[in-house]
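Each chain, letter by letter, is given below.
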Amino acid sequence: VSPTCGGEAAMMSHIRRAWPLLGGSSGVRRCSQPARLSSASSSVPVTGSDGGGLVLCSQSTDVYLNLALEDWIDANVDLQQRSILLLWRNRPAVVIGRHQNPWTECDLPAMRRAGVPLARRRSGGGTVFHDLGNLNLTFFTSKKAYDRQRNLKVITEALRRIRPGLDVQATDRFDILLNGRFKISGTASRLSRKSCYHHCTLLHSADRSALADVLRPSCPGILSNATASIPSPVANLLDHAPTLQWEELLDALVQQYNTEFSFSAPSTLVDPANESAFPGLSRAAAELRSWEWTFGKTPKFSVQTVLDLRDDGQRARSSARLQMQVKNGLIESCELDVPADWLPRRLSGELSGVLVGERFCGHRAAAVVTALLRSESGELKDRLHDLCEAVVNVMG
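Now for a description of the structure that goes with this document. Given the structure is predicted, the values throughout are model-derived calculations rather than measurements.

## Digging into the sheet that holds strand 6 (residues 134-142)
One open sheet accounts for six strands, arranged 10-11-6-2-1-13; its pairing is mixed. Of all strands in the sheet, those bounded by a partner on one side alone are strand 10 (187-191) and strand 13 (267-270). Along the sheet, successive strands turn relative to each other by an average axial angle of 20°, direction set aside. In this structure, strand 10 lies alongside strand 11 (residues 195-203), joined through five bridges in antiparallel fashion. Bridged to Leu191 within strand 11 is Cys196.

This is how it looks when you write it as structure tokens:
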């Protein structure tokens with residue numbers, strides 16, 4: 001979308017209205033508890049005298065709105081003329097990379113029980129857990145100016161300046177390690193024809209027990225070429241710098257960003273839920289929330305696993321083999337090899353048949369096998385129910 005179509009102009013108008021709320025030349029005024037935006041206009045220029053830098057702090061903690069804000073900026077702002085640093089945080093959420101398989105990356109049942117949403121971003125990279133103890137930084141530039149190591153230098157130099165005792169180093173994989181071992185920041189990026197954005201996490205005080213609970217596979221036996229995350233030991237900055245407060249960290253990052261790139265940009269609060277400021281963003285967020293994007297964009301994969309079959313719910317009596325092909329999140333083929341003396345092949349074949357074409361989703365699978373279960377009675381119904389339950393559990 002060209003700025004002449006109202007995209008960038010709307011955002012800049014929104015920023016001008018927010019400008020009077022900001023205090024100081026480089027500090028973020030309580031990004032963790034943002035002030036109410038003013039409707040009054042201001043004649044203060046949007047950027048500093050250099051005209052090249054802008055620092056935005058999202059008021060939203062909704063993962064879908066913030067991911068959509070990233071894409072909106074990339075599509076609507078002329079990044080040949082302006083570089084942007086976006087600071088944002090989310091309520092608890094799991095975010096997977098563009099080319100990842102959610103069933104191998106996270107525990108979907110545990111996430112549902114805890115009310116933790118899943119989001120697929122448009123950039124590559126691995127899976128991360130977000131909560132309000134994690135800061136996200138997105139660096140927007142032209143493709144010519146794209147430099148991930150320089151971006152990470154903003155973070156490491158800011159941390160060294162405010163806490164000289166911290167041993168923080170960026171790696172060749174564009175992570176940041178604390179004490180040479182603990183990962184405090186991971187990286188992903190998206191490159192377009194003319195512009196790029198590079199985003200990274202920064203663990204300040206995240207709930208590491210919640211992270212461990214949700215970042216584990218939910219489906220056994222998946223074979224896939226999807227990008228796999230590389231597990232790493234993690235730590236919070238607060239564990240090693242217990243007096244480091246949010247405002248001090250944010251101020252240091254903004255100041256270092258300006259120093260590194262010779263900008264003079266203060267920080268501006270923005271509200272991605274404001275449709276007049278960011279036209280079309282709510283529609284983009286709705287797409288990111290959809291099953292078709294979150295699960296349907298999973299690279300093709302297969303499932304090969306063994307199912308335990310039980311008669312009385314206490315001891316395994318037999319086992320079956322399950323093979324599935326899944327494309328666009330839909331079951332393309334399903335084969336069940338069940339001992340004929342445990343369940344007639346007619347019934348295992350009917351179960352396979354009703355699953356083909358359905359979503360690879362435990363709730364959807366449970367719904368479609370209900371009618372099949374109604375057609376049987378007695379011991380056969382009990383055994384068919386047992387088989388259905390085992391297949392549904394595979395899908396999480």
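From this point, things continue past the structure.
## Some details on the packing of aromatic side chains
Applying the stated criterion across every chain yields a total of eleven aromatic pairs. Their ring planes at 80° and their centres at 5.0 Å tell us that Trp103 and Phe360 sit as a pair that is edge-to-face. Note that Trp103 is positioned in helix 3 (residues 102-105) and Phe360 in the loop between helix 11 (345-355) and helix 12 (362-368), a separation of 257 residues in sequence. A relative accessible area of 1% places Phe360 in the buried class. Feature note: the residues Trp103, Trp291, Phe295, Phe301 and Phe360 constitute an aromatic cluster, connected by ring pairs. The positively charged end of Arg89 is found above the aromatic ring belonging to Trp246, 4.5 Å away from the centroid.

## Points about the environment of Thr138
Along the polypeptide, Thr138 turns up in strand 6. On the basis of relative accessibility, which here comes to 0%, the residue Thr138 falls in the buried class. Each C-alpha atom, one on Thr138 and one on Ala188, is 9.6 Å from the other, the two residues being 50 residues apart in sequence. Excluding residues that lie within four positions of it along the chain, Thr138 makes contacts with Glu70, Ile84, Leu85, Leu86, Trp88, Tyr197, His198 and His199. In this structure the side chain of Thr138 is engaged in a polar contact, spanning 2.6 Å, whose partner is the side chain of Glu70.

## Comments concerning the sheet that holds strand 3 (residues 93-96)
If you walk across this open sheet you meet the three strands as 4-3-5, and the pairing is mixed. Where the open sheet ends on each side, the last strands, each with one partner, are strand 4 (118-120) and strand 5 (128-130). Adjacent strand axes in the sheet meet at a mean angle of 30°, parallel and antiparallel pairs treated alike. Here strand 3 pairs with strand 5 via three bridges, running antiparallel. What sits directly across from Ala93, in strand 5, is His130.

## Focus on helix 2 (residues 63-76)
Turn by turn, an α-helix covers 3.6 residues, leaving residues three or four places apart pointing in a common direction. The first and last C-alpha atoms of helix 2 sit 20 Å apart over 14 residues, in line with the 20 Å expected at 1.5 Å per residue. Burial analysis of helix 2 places 13 of its 14 residues in the buried class, which makes it a mostly covered element. If you check the start of helix 2, you find a side-chain oxygen 2.8 Å away from the backbone N of Tyr64, and it comes from Asp62.

## Examining the packing of helix 5 (residues 148-162) against helix 8 (residues 246-261)
Where helix 5 contacts helix 8, the axes come no closer than 8 Å and their chain directions differ by 130°. Judged on the interaxial angle alone, helix 8 and helix 5 are oblique. Viewed along their axes, helix 5 and helix 8 form a crossing whose handedness is right-handed. Across the interface between the two elements, Arg150, Asn151, Lys153, Val154, Ile155, Glu157, Ala158, Leu159, Arg161 and Ile162 of helix 5 pack against Glu248, Leu249, Ala252, Leu253, Gln255, Gln256, Tyr257, Glu260 and Phe261 of helix 8. Residue composition of the contact of helix 5 with helix 8, grouped by class: ten nonpolar, three polar and six charged.

## With respect to the pattern of salt bridges
Inspection of every chain in the model, using the stated rule, returns 19 salt bridges. A salt bridge links Arg91 to Asp62, with the nearest nitrogen and oxygen atoms 3.9 Å apart. Linking Arg91 in the loop between strand 2 (83-88) and strand 3 with Asp62 in the loop between strand 1 (53-58) and helix 2, this pair joins segments that are 29 residues apart in sequence. A relative accessible area of 42% places Arg91 in the partly exposed class. Between Glu260 and Lys153 there is a salt bridge, and its shortest N-O distance comes to 3.6 Å. One end of the pair, Glu260, is in helix 8; the other, Lys153, is in helix 5, and 107 residues separate them in sequence. Ionic contacts of the salt-bridge type, sharing partners, join the residues Asp71, Arg122, Arg190 and Glu287 into one network.

## What about helix 8?
Spanning 16 residues, helix 8 covers 23 Å between terminal C-alpha atoms, matching the ideal 22 Å at 1.5 Å per step. All of the buried residues along helix 8 are Trp246, Leu249, Leu250, Ala252, Leu253, Val254, Gln256, Tyr257, Asn258, Glu260 and Phe261. Among the structural elements, strand 1, strand 2, strand 6, helix 5, strand 11 and strand 13 are those in contact with the buried residues of helix 8. In the stretch just after helix 8, Ser262 is the one whose phi turns positive, near 60°.

## Quick notes on the pairing of strand 13
Neither face of strand 13 is open: one carries Ser267 and Leu269, the other Thr268 and Val270, and all of them are buried. In the sheet, strand 1 pairs with strand 13 via four bridges, with the strands oriented parallel. The partner of Val55 across the bridge, within strand 13, is Ser267.

## Topic: the layout of surface pockets
Within this model, the largest pocket holds a volume of roughly 980 Å³. Forming the boundary of the largest pocket are 42 residues, of which Gly126, Thr127, Val128, Lys183 and Ser229 lie nearest the centre. When residues of the lining of the largest pocket are traced back to their parent elements, those giving at least two are helix 3, strand 5, strand 6, strand 9 (182-185), strand 10, strand 11 and helix 6 (208-214). The dominant element in the lining of the largest pocket, judged by the number of residues it contributes, is strand 11, at four residues. Taken together, the residues of the lining of the largest pocket sort by class into 18 nonpolar, 17 polar and seven charged. Empty space within the second largest pocket amounts to approximately 310 Å³. Looking at the second largest pocket, it is lined by 20 residues, and the ones nearest its centre are Leu108, Arg112, Leu118, Trp291 and Phe295. Elements with a contribution of two residues or more to the lining of the second largest pocket: helix 4 (108-114), helix 10 (291-294) and helix 12. It is helix 4 that provides the largest number of residues to the lining of the second largest pocket, a total of three residues. Considering only residue class, the lining of the second largest pocket consists of twelve nonpolar, six polar and two charged.

Basis of the calculations
- Residues numbered from 1 in each chain as written.
- Predicted model: local features only at pLDDT ≥ 70, side-chain atom pairs only at ≥ 80, totals over all residues.
- Heavy atoms only, no water.
- Pairing = 2+ DSSP bridges.
- Helix = DSSP H or I, 4+ residues; strand = E, 2+ residues; numbered from the N terminus.
- Axes fitted to C-alpha atoms, helices over the stretch in contact; angles between N-to-C directions.
- Phe/Tyr/Trp six-rings, centres within 6.5 Å; stacked < 30°, edge-to-face > 60°.
- Buried < 20%, exposed > 50% of the residue type's maximum accessible area, 1.4 Å probe, protein only.
- Lys NZ or Arg CZ within 6 Å of the ring centre and 35° of its normal.
- Contact = heavy atoms within 4.5 Å.
- Polar contact = N/O pair within 3.5 Å; in protein donor to acceptor, adjacent residues only side chain to side chain.
- Expected span 1.5 Å × (residues − 1).
- Parallel < 35°, antiparallel > 145°, perpendicular 65-115°, else oblique.
- Left-handed = near helix turned anticlockwise from the far one by under 90°.
- Nonpolar A, V, L, I, M, F, W, Y, C, P; charged D, E, K, R; others polar.
- Salt bridge = Lys/Arg side-chain N within 4 Å of Asp/Glu carboxyl O.
- 1 Å grid on protein atoms, 1.4 Å probe; cavity = no way out; pocket = protein on both sides within 12 Å on 5 of 7 lines; lining within 4 Å.
- Points joined across faces, edges and corners; volume = space filled by probe spheres on them.

All we've got here are geometric facts, nothing functional implied.
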